[in-house]
Amino acid sequence: MKYNFNEIEAKWQKYWAENGTFHAENNTDKPKYYVLDMFPYPSGAGLHVGHPLGYIASDIYARYKRHQGFNVLHPQGYDSFGLPAEQYAIQTGQHPAITTKTNIKRYREQLDKIGFSFDWSREVRTSNPEYYKWTQWIFIELFNSWYNVETDKAEHIDTLIAKFEVDGNANVKAVCDDDVAMFAAAEWNNYSSKEQQEILLKYRLTYLAETEVNWCPALGTVLANDEIVNGVSERGGHPVVRKKMTQWSMRISAYAQRLLDGLNEIDWPQPLKDSQTNWIGRSQGAMVTFKVDGHDANIDVFTTRPDTIYGVSFMTLAPEHDLVAKITTAAQKEAVESYVEATAKRSERERMADVKTISGVFTGAHAIHPFTGEKIPIWIGDYVLASYGTGAVMAVPCGDQRDYDFAKHFGLDIPNIFENVDISEEAYSEKEGVKIANSDFLNGLTYKKAMKTVIYEMEKRGFGKGKINYRLRDAVFSRQRYWGEPFPVYYVDGMPQMIDVQHLPITLPEVEKYLPTETGEPPLGNAEVWAWDTNTNTIVSNELVTSSAVEKQDNGIYPLELNTMPGWAGSSWYFFRYMEKALRDEHFASKEALDYWQNVDLYIGGSEHATGHLLYARFWTKFLHDRGFVNVDEPFKKLINQGMILGTSAFVHKFIISYNIDLKITVETNDNSKIHSTKKYKNGKYYKKEIYVSSDRLEDLLDSKGQVLEKKFLLNEIDRENLFKTIEKEHFNIIRKEIDFLSDIEIVEITERAIPIHADVSLVNSSDELDIEGFKNWRAEFKDAEFICEDDGTFKVSREVEKMSKSKYNVVNPDEICETYGADSLRLYEMFLGPLEQAKPWNTAGITGVFGFLKKLWKLYVADEGPKVTETEPTKDNLKTLHKTIKKVQEDIENFSFNTSVSTFMICVNELTDQKCTSRAILEPLTILVSPYAPHIAEELWSRLGNEGSIATVKFPVFEARHLVESSKEYPVSFNGKMRFKKELPLDLSKEEIEKIILEDERTQAQLNGRTPKRVIVVPGKIINIVG
RNA sequence: GCUCGAGUGGCGGAAUUGGUAGACGCGCUGGAUUCAAAAUCCAGUUCUUUCGGGAGUGUGGGUUCGAUUCCCACCUCGAGUACCA
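Per chain, residues are indexed from 1 in the order of the written sequence. Chain labels run from A onward and ligand labels from 1 onward, assigned in the order the entries are written. Where local features are concerned, this predicted model is filtered to residues with pLDDT of at least 70; where side-chain atom pairs are given and counted, the filter is 80 or more; whole-chain, interface and lining totals use all residues. Side-chain numbers come from the whole structure's heavy atoms, not from hydrogens or water.

1. Quick look at the protein's contact with RNA strand B
If even one non-hydrogen atom of a residue comes within 4 Å of a molecule or strand, that residue is called near it. Lining the immediate environment of RNA strand B, one finds 52 residues, of which Thr 304, Tyr 388, Arg 402, Ser 767 and Leu 833 sit closest. Two N or O atoms count as a polar contact when they lie within 3.5 Å, although within protein this holds only if one can serve as hydrogen donor and the other as acceptor, and sequence-adjacent residues are included solely when both atoms are side-chain atoms. Within the backbone of Leu 385, an N or O atom sits 2.9 Å from a base nitrogen of RNA strand B. Runs of E in the DSSP output that reach at least two residues are strands. Runs of H or I that reach at least four are helices, and both are numbered from the N terminus. A total of six residues in the surface near RNA strand B trace back to one element, the largest contributor, which is helix H27 (residues 898–914). When its residues are assigned to classes, the surface near RNA strand B shows 22 nonpolar, 15 polar and 15 charged. Asp, Glu, Lys and Arg are counted as charged, while Ala, Val, Leu, Ile, Met, Phe, Trp, Tyr, Cys and Pro are counted as nonpolar; the rest, among them Gly, fall into the polar class.

Following this line, the structure appears as structure tokens:
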């Protein structure tokens, strides 16, 4: 019987679905193991072979853990809110919910074909009200929380109010806005409710504030910092500008230190930890206050080098700094204003692209150096960022290259405060290896000592203090989009109010259009039924809202929030939702479920989420932990980044030869004399011939960019000759017909070039040969294409590795692979390509290797006539092969080295085939070993061996070392470290015995050629090395 | 610029604490089978060679009996980040 993979795979996929084989238990004595894949966004394009890589790896691990006796949770779901569905809705009017549903259906079909062991009974979709009810709930809890620095965790806002009522805010240590005013308990108690709410907003973990945001006009929404790449939007690459807007923000900055510390507790790839560390950007230094001369104003600066304070010779403010307008002198007013205006006009991208140009303007004002009392000029310059620190720097040109360049450019002082350091060429920015000079009480001190001393001194004198600054900004949480979670928020008198939890979910309203309103409000502004009735606690028509200010009456009906939540809202807690299966309406997950499953043991996904999803998910987990809703502090214990699968693009080379011609015309006059003339035929017109040339004929003629090398002919002599014959036939004959008296045609100005064109990879076979007919029929423009082939008549394409994408015609669809080779082949091949973490190119040609392996595996169990497994005792060799394989495969899975275990299986099957093994004692355990990788064939063979039920939870074979014990070893014998020959020797020989035997060997004598060895190194069981 | 990661046959890659470099697979070459093709099977396949051997893991040095593996310097490619005071 043949290996009929299509039949087998369909059969077992059906079996698994019908029997709920992979449903995880919530009540069991088994140890738990939670394997999770990063949340997929169901895009319209469907999956290509690159997408399932991580899913296959996690599936192998999940299946392996089941064989090891674990209760495995391996769920899957969809991050189904998001921009593409909405963009599509804007273009077509199709409701995003419908496209999303269609896309999910397609995803599911594709995933099912690959044979994953997902527990679909726990599926999650972020756009389902049943799910986002709890996203809204978390938002409300964040609103009702503040960050207590003393306890170093989030607490309910009530504990803060209690402190205010008793003590005011003077002694409250909280993470809050910079601009909170001090008040006493009595004042607090006398504030109006609105005043109290305004103050509390400055403390809440999610708060409404006017912030400078990244506004993307093309997308009509704001973007978070991690959604911008190189100054343009990550999706679509549209320009982004700075704009002030009232927005919901998340006080993630409160968690900066804990997010940093937590990295030490988790098993994540170092580059990913590094990028989070960078993003959080902790820097230790001091906050120093400079007085402005002649004004009642201070400039606070943050510096990491307070030890260099005596080197300050000027200050620079960001052009956007609040003080700029106030302190600028009349004489400088015009220059400053035009500079500020010019900077504001420049987009963020321009500013970033142009790092080299130094620009700035003197304000005319001076600051007072806090130690020396000297007057130092205050400048503005766009190298100072408004959004970092205080938007102002104390410039120390001798110690900072940017300050140095600025000073040089504008001719400002560069005092040297380093002992024996030359700063005539550049600043000295090293911290170590130098002593401070010209700095009064800091003279002679090293960096470390000077830091301590100067901070102590500043704190004593009251104009500075030690401070840790973070680059991490609070995260903007509002999006001006339709397809996202609505906020459970309505507004009374401009103040946000939370809707009571019992009335959730607040479901997304229907709208006519998915675009912003004419007045520039977000798409929800188009909804007609989008107001909150506090009497009935229902959503009612907007018309019922009365403006209390105008009509002086309050009917209890208020407008709802028009923004929606960002994409990362739903994905920041979904891993907890999978734990709960039954009572999803009552809680986001039950206490029992949370206690049992804890957190994700293994998380596999791409590194592109380093500073987005993976940071936000950690933030929300820490918050939920602080408030006692979950009992873990980190969501993902171990994380692996799978590498990208790249496409192997195929190129055909279009060779274009173009030329002008001169015509020699002979006119016979009446008197039979002849006039010869030469003229350019149809001025400006030239002839062009396009032809496709097989890539082997182009070799060495193209440079690295695919351009034809100068002055070189692209084609060999014969090809050239043939080509011109064709040209003559096609072009010249036409000309000859048109013009009488033509005596000759001369070709002038020949240009040749070759253009590589992507050909669809499905038109190319494993030997890089193009299916010419297929190519002609592929697109209309190739219908009449002509080809110069190889001598054997084939046409070869050239190959290049690129990102897999539609536009490069190198996308490979997993469905087709499953159809032709089966899901088991796909799974094995994805793993076989190379290490999980590395980027690697896909080339469908190679899949025949693993496909052949599966057929060979099948033949070990099933002969043409029927089953061939016997009850015969296994031989020693059989057992050795099996146990070698058990050992290696187990080690490989535990090290996530899946590519090497596929090789191991191949070796195992090759050996057993050679040994003609038919023994059940060997072949039965082998099915279990293979089952995590190729589950369908494993199930089929397992059942053909007469077993009942699924192989999924059968115990993994146990490795027994005794089967690998050897009595002899084939020693490699090296001379000066180079292996020259091998010799089989018993393993129980002593070093001396080995040395004696080996020196007597005639091959040793031949190698030594009469010399006496200086030394003989014998490592028993390993190697023999003879030196001399 | 800075921070990470990686350089091994024609290609994907293997080599577990320093111990036989190139496992396994693709491709290629030759052969068997076949009317023919596909499929299958067998042999070979790092380079070089006067067929004894010699060289060889990005380059140059070092440590060692022995280095793809450890150390130093450099080159190339990839990823992330970018005026962070």
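Here the narrative resumes.
2. Remarks on the confidence of the model for chain A
pLDDT is defined as a per-residue confidence score from the predictor, taking values between 0 and 100. Looking at chain A, the pLDDT average stands at 86 and 91% of residues meet or exceed 70. For this analysis, residues touch if any pair of their heavy atoms sits within 4.5 Å. Predicted confidence is poor over residues 680–685, with pLDDT under 50, and the contacts of this stretch with residues over four places away or in other chains come to eleven contacts.

3. Focus on the sheet that holds strand S23 (residues 557–559)
Sheet architecture is open: three strands sit in the order S22-S21-S23, paired in antiparallel fashion. Either end of the sheet is taken by a strand with one partner, and the two such strands are strand S22 (538–540) and S23. On average, each strand axis in the sheet is inclined to that of its neighbour by 35°, with strand direction left out of account. Criterion used throughout: strands pair if DSSP finds at least two bridges between them. As paired strands, strand S21 (residues 531–533) and S23 are joined by three bridges and run antiparallel to one another. Bridge pairing in S23 links Asp 533 to Ile 557. An axis is simply a line fitted to the C-alpha atoms; with a helix, the fit covers only the stretch in contact. Between two such axes, the angle follows the N-to-C directions and lies from 0 to 180 degrees.

4. Description of the side chain of Lys 65
By the secondary structure assignment, Lys 65 is in helix H2 (residues 52–67). For the exposure calls, accessible area comes from a 1.4 Å probe over protein chains only, and a residue counts as buried if that area is under 20% of its type's maximum, exposed if over 50%, partly exposed in between. By the counting rule applied here, Lys and Arg register as positive and Asp and Glu as negative, while His and the ends of each chain are not counted. Each salt bridge in this description consists of a side-chain nitrogen of Lys or Arg and a carboxyl oxygen of Asp or Glu lying within 4 Å of one another. Notably, Lys 65 is buried but unbridged: the nearest opposite-charge side chain belongs to Glu 894, and the N-O separation is 6.3 Å. Once you skip the residues sitting within four places of it in the chain, Lys 65 turns out to touch Tyr 33, Phe 70 and Val 72.

5. Details of a positive patch on the surface
The residues that make up patches have over 30% relative accessible area and no salt bridge, and they are joined within 9 Å when like-charged or within 5 Å when they are Val, Leu, Ile, Met, Phe, Trp or Tyr. Note that accessible areas follow from Shrake-Rupley with a 1.4 Å probe, and for residues the cover is restricted to the protein chains shown. The atoms used to mark charge sites are NZ of Lys, CZ of Arg, CG of Asp and CD of Glu. A cluster of like positive charges, contributed by Lys 2, Lys 855, Lys 856, Lys 859 and Lys 868, occupies part of the molecular surface. Relative to the helices and strands, Lys 859 resides in helix H25 (residues 847–861). The exposure class assigned to Lys 859 is exposed, which follows from its relative accessible area of 55%.

6. A word on the pattern of salt bridges
In the structure shown here, the tally under the stated rule is 41 salt bridges. Between Asp 601 and Lys 32 there is a salt bridge whose closest N-O contact spans 2.9 Å. Of the two residues, Asp 601 sits in strand S24 (residues 600–605) while Lys 32 sits in strand S1 (residues 32–37), which places them 569 residues apart along the sequence. Residue Asp 601 is classed as buried on the basis of its relative accessible area, which comes to 10%. Looking at Lys 32, the relative accessible area reads 15%, which means it is buried. Across the pair Lys 887 and Glu 891 runs a salt bridge whose closest N-O atoms are separated by 3.4 Å.

7. Looking at the UniProt feature "domain: Aminoacyl-tRNA synthetase class Ia" (unreviewed entry) in chain A
UniProt positions are given in the numbering used here, feature names are shortened, and annotations may be inferred rather than shown by experiment. As annotated in UniProt, the feature "domain: Aminoacyl-tRNA synthetase class Ia" (unreviewed entry) corresponds to residues 800–829 in the numbering used here. Taken as a whole, residues 800–829 contains 47% helix and 10% strand, while its terminal C-alpha atoms sit 20 Å from one another.

8. Remarks on the state of the cysteines
What counts as a disulfide here is a pair of cysteine sulfur atoms lying within 2.5 Å. Across all of its chains, the model carries zero disulfides by this definition. Looking at the unpaired Cys 917, the closest cysteine sulfur is the one in Cys 908, lying at 8.8 Å. For Cys 917, a relative accessible area of 3% puts it in the buried group.

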